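# Chain and residue survey
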Amino acid sequence: MRPASSTRCTSSRRAAPLAAVVDRTTDATGHTLVYECAPAGTRRLRIKVHLPHDAARVDVENRIDKTATLTKESAFFAFPFALDNPVVHTEATGGVLGTVRETVPGSATHMRVIRRWISLSDDTHHAALATAGAPLVQLGGIVIPYAPYPQSLPQEEPGTVFSWMHNNIWDTNFPAQQAFHHTFRYSIAITEADEKAAGPIDRLAARTTALTSHPLVPVRARAETRASPARPRRRRHRRGPSVLLRRHADRGRAVGRSPGRDAVQWLP
């Protein structure tokens, strides 16, 4: 999406072209489909869709190779859910925000910040979208990012989540050229709505998030730290049965013991 100089309209908008399937596998973890294309402004976009065995979840990896440009632009991943006027909840630090919940007066209504997940629910289904790498989303459409933030799509899509993956529109906080190679990971879960209460909606999102935001991390195990072992002592035997010498390597002196006696005598 590229705003014109007036900042009131976009000069162009391009959706990703048709993609080609490049791989399809089935293993002990589930079924995987990989396809790729080359959207405008990128060298390549490779998408991996993974359906785990015995899990009502879909994992998506969008690996994008972004070219550099100084032209102002933004890019989104769209997740359309077939829901009618859904109730929306988003996880925030220390709580949950969303539909009919109080917000700070004057705060942005076109942009939502998610800590790990966003959930949508209507009378028939609950849906959850989890991600740890793209915390800004727009719901129902894409706005021009300048006041008064008008919608840029021809019609509103209440059940579509637009995940904002990058932009170079702002003059601060972002590199101007926005060239990168990065993988954005998402997990999607859907279930039938047995009840409208908030609990089942948020629990579905929390379960979906737990598997992706807290992955197994390999940790190198080390032996317990211990004191250095004592250095071995060297023994010397003198001719004759009268004295046995033990020399301590770290002291440089010997201990003499006469056989049959309890007394110990330090020898130079």
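Residues numbered from 1 in each chain as written. Predicted model: local features only at pLDDT ≥ 70, side-chain atom pairs only at ≥ 80, totals over all residues. Heavy atoms only, no water.

The next point concerns the packing of aromatic side chains. Applying the stated criterion to the full structure yields 5 aromatic pairs. On the numbers, 4.7 Å between centres and 50 degrees between planes, the contact of Phe79 with Tyr186 is tilted. Within this pair, whereas Phe79 is found in strand β7 (residues 74-80), its partner Tyr186 is found in strand β15 (residues 180-192), the two being separated by 107 residues in sequence. On the basis of relative accessible area, Phe79 is assigned to the buried category, the value being 9%. When the centroid spacing of 6.5 Å and the interplanar angle of 80 degrees are considered together, the rings of Phe180 and Phe184 count as edge-to-face. In this structure an aromatic cluster arises from ring pairing among Phe77, Phe79, Phe180, Phe184 and Tyr186. (Phe/Tyr/Trp six-rings, centres within 6.5 Å; stacked < 30°, edge-to-face > 60°. Helix = DSSP H or I, 4+ residues; strand = E, 2+ residues; numbered from the N terminus. Buried < 20%, exposed > 50% of the residue type's maximum accessible area, 1.4 Å probe, protein only.)

Mapping Ser187 onto the fold places it in strand β15. Side-chain polar atoms of Ser187 contact the side chain of Asp59, separated by 2.7 Å. (Polar contact = N/O pair within 3.5 Å; in protein donor to acceptor, adjacent residues only side chain to side chain.)

Another point: the environment of His50. Following the sequence through the fold, His50 ends up in strand β5 (residues 42-52). His50 sits in the buried class, given a relative accessible area of 15%. On a C-alpha basis, the gap between His50 and Gly30 in space is 6.9 Å, while along the polypeptide they are 20 residues apart. Discounting chain neighbours no more than four positions away, the residues touching His50 are Thr29, Gly30, His31, Thr32, Arg57, Val58 and Asp59. Within the structure, His50 has its side chain in polar contact with the backbone oxygen of His31 (distance 3.4 Å). At 2.8 Å, the side chain of His50 forms a polar contact with the side chain of Thr32. (Contact = heavy atoms within 4.5 Å.)

Another aspect to go through is the sheet that holds β7. Two modes of strand pairing occur in sheets, parallel and antiparallel, and in both the strands are linked by backbone hydrogen bonds. Strands sit in the order β7-β14-β13-β10 across an open sheet of 4 strands; the sheet is antiparallel. A strand with exactly one partner marks an edge of an open sheet, and here the two such strands are β7 and β10 (112-113). Direction of pairing for strand β13 (residues 136-139) relative to strand β14 (residues 160-167): antiparallel, over a ladder of 3 bridges. When the sheet's bridge partners are listed, Leu139 is paired in β14 with Val161. (Pairing = 2+ DSSP bridges.)

What follows is about unusual backbone geometry. Of note, Asp54 is a non-glycine position whose phi angle comes to about 55 degrees, a positive value. Considering the arrangement of structural elements, one finds Asp54 in the loop between β5 and β6 (58-66). Phi angles above zero are rare outside glycine, and Tyr149 is one such case at about 60 degrees. Residue placement: Tyr149 occurs in the loop between β13 and β14.

For β14, a buried count of 8 out of 8 residues is recorded, marking the element as mostly surrounded by other parts of the structure. Pairing analysis gives 7 bridges linking β7 to β14, with the strands arranged antiparallel. Looking across to β14, one finds that Phe77 is bridged to Ser163.

Remember, this is a structural readout, not a statement about activity or role.
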